[in-house]
Amino acid sequence: MTLTQLRYLIAIVDAGLNITTAADRVHATQPGISKQLKQLEDELGFLLFQRKGRSLESITEAGQVVLAHARRAVAEAANIRAFAANQRGEAAGTLHIATTHTQARFVLPAAIGALNREYPQVGVQLQSLADNDVLPHLAKGNADIAIVSSVGSVPAGGHAIPLYRWRRVVVVPAGHALAKLGRAPTLEDLAAHPLVSYHSTSQPESSLRRAFSDVGLNPTVAMTAHDADLIKTYVRAGLGVGILAEMAVSAIADGDLAVLPAPAVLPECTAWAVVPKERVLRRYAFDLFRHVAPQLDRHDLQRVLGGHQESVWPTPPSWVELSQAITN
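Residues numbered from 1 in each chain as written. Predicted model: local features only at pLDDT ≥ 70, side-chain atom pairs only at ≥ 80, totals over all residues. Heavy atoms only, no water.

Draft legend 1. Representation of the packing of helix H1 (residues 3-14) against helix H4 (residues 61-88) within the structure. Where H1 meets H4, the closest approach of the two axes is 9 Å, and the angle between their N-to-C directions is 120°. In terms of orientation, H1 and H4 fall into the oblique class. Note on packing geometry: the crossing formed by H1 with H4 is left-handed. Between H1, through Leu3, Leu6, Arg7, Leu9, Ile10, Val13 and Asp14, and H4, the contact on the second element is made entirely by Val66, Leu67, Ala70, Arg71, Ala73, Val74, Ala77 and Arg81. (Axes fitted to C-alpha atoms, helices over the stretch in contact; angles between N-to-C directions. Helix = DSSP H or I, 4+ residues; strand = E, 2+ residues; numbered from the N terminus. Parallel < 35°, antiparallel > 145°, perpendicular 65-115°, else oblique. Left-handed = near helix turned anticlockwise from the far one by under 90°. Contact = heavy atoms within 4.5 Å.)

Draft legend 2. Main features of the pattern of salt bridges. This structure, assessed with the given rule, holds 17 salt bridges. Asp42 is paired through a salt bridge with Lys38; the nearest N and O atoms lie 2.9 Å apart. Placement of the pair is Asp42 and Lys38 together in helix H3 (residues 30-44), with a separation of four residues, close to one helical turn. A salt bridge links Arg290 to Glu118; its shortest N-O distance comes to 3.2 Å. Here Arg290, found in helix H10 (residues 283-292), pairs with Glu118, found in helix H5 (residues 101-118); they are 172 residues apart in sequence, far enough to count as distant. Look at Arg290 and you get partly exposed, because its relative accessible area is 36%. Since its relative accessible area comes to 37%, Glu118 is described here as partly exposed. If you follow the salt bridges from partner to partner, you end up with Arg105, Asp229, Lys232, Arg236, Asp254 and Asp256 in one network. (Salt bridge = Lys/Arg side-chain N within 4 Å of Asp/Glu carboxyl O. Buried < 20%, exposed > 50% of the residue type's maximum accessible area, 1.4 Å probe, protein only.)

Draft legend 3. Just the side chain of His137, in detail. Mapped onto the elements of the fold, His137 is located in helix H6 (residues 131-139). According to the relative accessible area criterion, His137 is buried, its value standing at 17%. Ignoring any residue separated from it by four or fewer positions in sequence, one finds His137 in contact with Ala98, Gln127, Leu129, Asn142 and Ala143.

From the geometry alone we can't say anything about function, so treat these as descriptive.
So this is what it looks like as structure tokens:
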């Protein structure tokens, strides 16, 4: 049994049992993966997958157990490599980040740019996913760090590190009725218009949906999307009133739109970095934290993530405070 065989097993499952897709992801050939899978099954003495013809139909119960052990084994091998590279003082490698479109598009570019200047031999693999897919992606071992947002609750899945706080804003075309109010719109004002917002708005647990429901309102949602730029495009097209994260709006790029404060009753959100408790991070990852959230102390991060200190994090700044700190 080899780590390569275990990696191939994981790749096949994560590719939806499509060996061709798995081969592409691990830079192998389809015959090569199939051969390694057969050798692994022969050594174990049982099938990992149920087959239908030449296709894999499902993973067996025994295969599920092997898969769980394989994920841990591959993760621990990666931890050993990361520890050794840190001991050698290496400043090269790849940092895998899973996050949402808003974080990837509007928050991380400056931090990743700064990281690249400090560590030109470090590559960043940035995976922009739907809100509900980010933490499961991390749990599968496909990322070193996840960056997500939540209202009130602390994300599960590892060490959760608060980065900054942010609020929503209302975006409408210049000249729209809401732009003429001379004040922040209320929930009742918003409910009188079709809304355009994030795809998470369509979920029952959406904090935005709950806020309307708590006051007996059921607004019309004209469109949802994961992409904030797409939402603004459809606001410009007159499809409805946009409700976005404040990070997704730029005074320069969006100068043609009126940006209004969202109703104060909409709860504040917190952006978090989540790191699996068993993950050994490369040293340059701690510098990424510093660029995203300057209030964090590198040594505290290392001690907490290493299991040597309880996590008592400083109060995260607001997005306005943080963006001013980054700019200055």
